[in-house]
Amino acid sequence: MSYLSSILMGILQGVAEFLPISSSGHLALFQQFFNMENYEESQMFFSVLLHFGTLVSIVVYYYRDILEMIREFFLGARDLAQGSKTPPPPARRMVLLIIVATLPLFAVLPVKKLIENATGNTIFVSLCLLITGCILFVSDRLARGSKTAKNATILDALLVGLAQGFGTLPGISRSGITISAGMMRGYERSFAVRFSFLMSLPAVFGATILELKDAIEGGGIQAEMIPVCLVGMLVSGVVGYFAIHLVNLLANKGKFGVFAYYCWGVGLVSLIAGLVLK
């Protein structure tokens, strides 16, 4: 894999991870149709670094929220030990909502291999991109909600978490389906975006650990490829930071429909190409 390929993959990951167009679907199609040289040998390790780059971009963008949530987690543990019945502040409720939203991901673990195998199926990925387009098209037409961390319920978080489980499928946008699910549950648009990205932290971190374990066991880490992979990681992090800002702007303006047409276009083209080249 060349530095140019690494940079292109970093840009693709940074953009597609946060814009509602499915990073896993685009990376899968990119690999299938462009047949990148030597990518298979370092695929898993490179994937780990790309996801780590976007993980860091979330931490940097929302660092104030994260620091406040960490603080409230420990204060909440203290209050619980002391038997305090003081109503929890929004940041503490946010911690609880994210924990609940993460639980459905454990149901994905038994089918992890099936999902990984689906990544190599161009037809499946293309169909999932078409479904993502439909989800975004509908979300664009939802009424504006008013729920935030102050009044969002456990059921709301659980249903958004279920949507995140479906977002593990290649071609289904994790950000798109979780933001849409949040808006369907009456989340205020900016809160739906913030909740989607913050709830992705434990999911992406857990997936990164699992991928790193698989990469080490599979011998996919090659010393000579590390500098090239690190460039891709850096690019994905920088691009991802600006992509988060863009998603916030578009969600507030109700402009997700633009991405619906994009997903339909890419899904249809890749579906036809997959059928012709099969």
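Everything here concerns the structure above.
Residues numbered from 1 in each chain as written. Predicted model: local features only at pLDDT ≥ 70, side-chain atom pairs only at ≥ 80, totals over all residues. Heavy atoms only, no water.

Enquirer: Summarise the pattern of salt bridges; cite the residues concerned and give the values.
Expert: Pairing between side chains of opposite charge can happen when their charged atoms approach one another. This structure, assessed with the given rule, holds 8 salt bridges. As a salt-bridge pair, Asp65 and Arg194 come within 2.9 Å of each other at their nearest N and O atoms. Separated by 129 residues along the polypeptide, Asp65 in helix α4 (residues 63-82) and Arg194 in helix α10 (residues 189-217) bring together distant segments of the chain. Accessibility expressed as a relative area gives 25% for Asp65, which makes it partly exposed. Measuring nitrogen to oxygen at the nearest pair gives 3.1 Å for the salt bridge that ties Arg71 to Glu72. Residue Glu72 is classed as buried on the basis of its relative accessible area of 5%. (Salt bridge = Lys/Arg side-chain N within 4 Å of Asp/Glu carboxyl O. Helix = DSSP H or I, 4+ residues; strand = E, 2+ residues; numbered from the N terminus. Buried < 20%, exposed > 50% of the residue type's maximum accessible area, 1.4 Å probe, protein only.)

Enquirer: Explain a nonpolar patch on the surface to me, and be specific about the residues and the numbers.
Expert: On the surface, a nonpolar cluster with roughly 640 Å² of combined accessible area is contributed by Phe52, Val56, Val60, Leu234, Val238, Tyr241 and Phe242. In terms of residues, the nonpolar patch owes the most to one element, helix α11 (residues 226-253), which gives 4 residues. Summarising the element assignment, Phe242 is placed in helix α11. (Patch = residues over 30% accessible without salt bridge, like charges linked within 9 Å, V, L, I, M, F, W, Y side chains within 5 Å. Areas by Shrake-Rupley, 256 points an atom, 1.4 Å probe, with all protein chains shown as cover.)

Enquirer: Can you explain the side chain of Ser22? Please cite residues and give values.
Expert: Tracing the chain through its elements places Ser22 in the loop between α1 (3-18) and α2 (23-34). The exposure class assigned to Ser22 is buried, which follows from its relative accessible area of 2%. A distance of 3.0 Å separates a polar side-chain atom of Ser22 from the backbone nitrogen of Gly25. Within the local environment of Ser22, its side chain forms a polar contact with the backbone nitrogen of Gly171, the two atoms lying 3.1 Å apart. (Polar contact = N/O pair within 3.5 Å; in protein donor to acceptor, adjacent residues only side chain to side chain.)

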